[in-house]
Amino acid sequence: MSSSGQTQFRYTQTPSKVVHLRNLPWECVEDELIDLCKRFGKIVNTKSNVGANRNQAFVEFADLNQAISMVSYYASSSEPAQIRGKTVYIQYSNRHEIVNNQSPGDVPGNVLLVTFEGVESHEVSIDVIHLVFSAFGFVHKIATFEKAAGFQALVQFSDVETASAARNALDGRSIPRYLLPEHVGSCNLRMSYSAHTDLNIKFQSHRSRDYTNPYLPVNHTAMDGSLQPALGADGKKVESQSNVLLALIENMQYAVTVDVLHTVFSAYGTVQKIAIFEKNGSTQALIQYSDIPTAAIAKEALEGHCIYDGGYCKLRLSYSRHTDLNVKAFSDKSRDYTLPDLSLLVAQKVPGVSASAPTSGWQNTQVQTQYAGYGGSPYVYPSADPTGASPSGHPPPPYYG
């Protein structure tokens, strides 16, 4: 079984004649889905551009065995399924047929549900949202919030026609760069219609506004300047600094592990903790230093640089609101380097066993596996071949370009 197959498929699912595809190119069309799937059997239905990022789809085969044939093929193949050069992840769907009913988000209304991709909630102010949408008509109310899909807003217009005009013009577009903090690469807008018709705004704040009621009470705590982005002498927003950096990793052609990030960011100071997670369809990470100056140096040096040569695994860095990460000490997605070395713990707590003693059956094999090839310790970095050569089946050494 190939390693790529193990990460792409979940075998605990019950087989279904509907196949679920993820990580598709933006606005993947039906013909592309059919081209990928048709050699495994007759396709009776498709549903594309699903999910908050429109990068998922469903394909329904005429027969269950045809779906099983496709999933089994790519689960055991060394070559992953691809569309437009992007690796597509395939699994069985929880549904057993595709029902193309019109979703509530497709029914036109005067309130838009807007998802802001590629940004944190504090990086797009409510005034910027108002400015963007006011280009299409009078905006009555705005309410912003955070959900599993990311940072979102409800924008209320006076009528359906104005809301539809804004949706048609802005859906899939980006907020102009000059309205965003300098560290933000882009902010894409994804829109659907909301079932709401009149938002209930209880007070004016940095999260909600009612532009039709000038007498609405102001929540002074929520409007406090400490919660708003500060402005520098040039009038641009000044980012609040932190000892924890948020890294968005773009163009991921190679896996970026905790050890790779530790190697990259340790060049600028002692890294205390790292956590890797998925958000809005992208890989992100939090890297904690002991102080803000060290984090600032790392951010300045690494922003926009690539971990691997060729423009792969590009880093987009900003400051996190976190100051002390609560992470699992040793896992494949997180590491706490403030804890003592495991080998030293073994020597201290187990009589008669030294740090150099051979491995025995009671030791933590999971941790040993994580550090295989790295000296068995998180403090030993992988060596990089200056020629750029890499062992078969592994990505090249980090480039830091």
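These remarks concern the structure in this document. (Residues numbered from 1 in each chain as written. Predicted model: local features only at pLDDT ≥ 70, side-chain atom pairs only at ≥ 80, totals over all residues. Heavy atoms only, no water.)

Along the chain, the regular secondary structure elements total 10 helices and 19 strands. Split into buried and exposed, the 401 residues of the chain put 42% on the buried side. Pairs at least 24 apart in sequence give 68% of the contacts found in the chain among residues at least 6 apart. Here the chain has roughly 21,000 Å² of accessible surface; of this, 52% comes from carbon and sulfur atoms. (Helix = DSSP H or I, 4+ residues; strand = E, 2+ residues; numbered from the N terminus. Buried < 20%, exposed > 50% of the residue type's maximum accessible area, 1.4 Å probe, protein only. Contact = heavy atoms within 4.5 Å. Areas by Shrake-Rupley, 256 points an atom, 1.4 Å probe, with all protein chains shown as cover.)

Another aspect to go through is the sheet that holds strand E3 (residues 56-61). Strands sit in the order E2-E3-E1-E6 across an open sheet of four strands; the sheet is antiparallel. The open sheet has two edge strands, strand E2 (43-50) and strand E6 (89-92), and neither has a second partner. Adjacent strand axes in the sheet meet at a mean angle of 20 degrees when their direction is disregarded. Where strand E1 (residues 18-22) lies against E3, four bridges are found, and the strand directions are antiparallel. (Pairing = 2+ DSSP bridges. Axes fitted to C-alpha atoms, helices over the stretch in contact; angles between N-to-C directions.)

This part covers the packing of aromatic side chains. Counted according to the given criterion, the structure contains seven aromatic pairs. On the basis of an interplanar angle of 55 degrees and a centroid distance of 6.5 Å, the ring pair of Phe133 and Phe157 is categorised as tilted. Residue Phe133 is located in helix H4 (residues 126-133), and its partner Phe157 is located in strand E9 (residues 150-157); the two are separated by 24 residues in the primary sequence. Across this residue pair, the class does not change: Phe133 and Phe157 are buried. Residues Tyr254 and Tyr308 carry aromatic rings whose centres are separated by 4.9 Å and whose planes lie at 65 degrees to one another, so their mutual orientation is edge-to-face. Taken together, the residues span a long stretch of sequence, with Tyr254 in the loop between strand E14 (244-250) and helix H7 (258-265) and Tyr308 in strand E17 (residues 306-308) at a distance of 54 residues. A network of ring pairs unites the aromatic residues Phe40, Tyr73 and Tyr74 as a single cluster. It is Arg95 that lies over the ring of Phe58; its NZ or CZ is 4.0 Å from the centre. (Phe/Tyr/Trp six-rings, centres within 6.5 Å; stacked < 30°, edge-to-face > 60°. Lys NZ or Arg CZ within 6 Å of the ring centre and 35° of its normal.)

Before going further, it helps to examine the side chain of Glu120. For Glu120, the location among the structural elements is in the loop between strand E7 (111-117) and H4. Discounting chain neighbours no more than four positions away, the residues touching Glu120 are Phe151, Leu246, Lys279, Gln284 and Arg321.

Ranked by size, the top nonpolar core spans 27 residues in total, and within it Leu112, Phe116, Val124, Ile129, Phe133 and Ile175 carry the most contacts. The set of elements that each furnish at least two residues to this core consists of E7, H4, strand E8 (139-147), E9, helix H5 (160-170) and strand E10 (188-193). Here the element with the most residues in this core is H4; it accounts for five residues. In this structure, Phe116 is in contact with Val124, Ile129, Phe151, Gln152, Ala153, Ile175, Cys187, Asn188 and Leu189, ignoring residues within four places of it in sequence. Grouped together as the second largest cluster of nonpolar side chains are 26 residues, Ala247, Val264, Ala295 and Tyr337 included. (Core = buried A, V, L, I, M, F, W, Y, C linked by side-chain atoms within 4.5 Å.)

Here the focus is H5. Three or more residues of H5 are buried, namely Thr162, Ala163, Ser164, Ala166, Arg167 and Leu170. Of the surrounding elements, those touching the buried residues of H5 are E7, H4, E9 and E10. Between the side-chain oxygen of the N-cap and the backbone nitrogen of Glu161 there are 3.3 Å, and the N-cap of H5 in question is Asp159. Looking at the residues trailing H5, positive phi occurs at Gly172, about 90 degrees. (Polar contact = N/O pair within 3.5 Å; in protein donor to acceptor, adjacent residues only side chain to side chain.)

What follows covers the pattern of salt bridges. Counting across every chain of the model gives 11 salt bridges. The residue Glu250 makes a salt bridge to Arg316 at a minimum N-O spacing of 3.6 Å. Remark: Arg316 occurs in strand E18 (residues 312-319) and Glu250 occurs in strand E14; sequence separation between them is 66 residues. Arg316 gets classed as partly exposed once you look at its relative accessible area, which sits at 25%. A salt bridge links Lys273 to Asp324; the shortest N-O distance between them is 2.9 Å. A residue pair is termed long-range when its members are at least 10 positions apart, and Lys273 in strand E15 (residues 271-279) and Asp324 in the loop between E18 and strand E19 (334-336) qualify at 51 residues. On the basis of relative accessibility, which here comes to 52%, the residue Asp324 falls in the exposed class. Residues joined by salt bridges that share partners form a network here, namely Glu250, Glu303 and Arg316. (Salt bridge = Lys/Arg side-chain N within 4 Å of Asp/Glu carboxyl O.)

These figures capture arrangement, not role.
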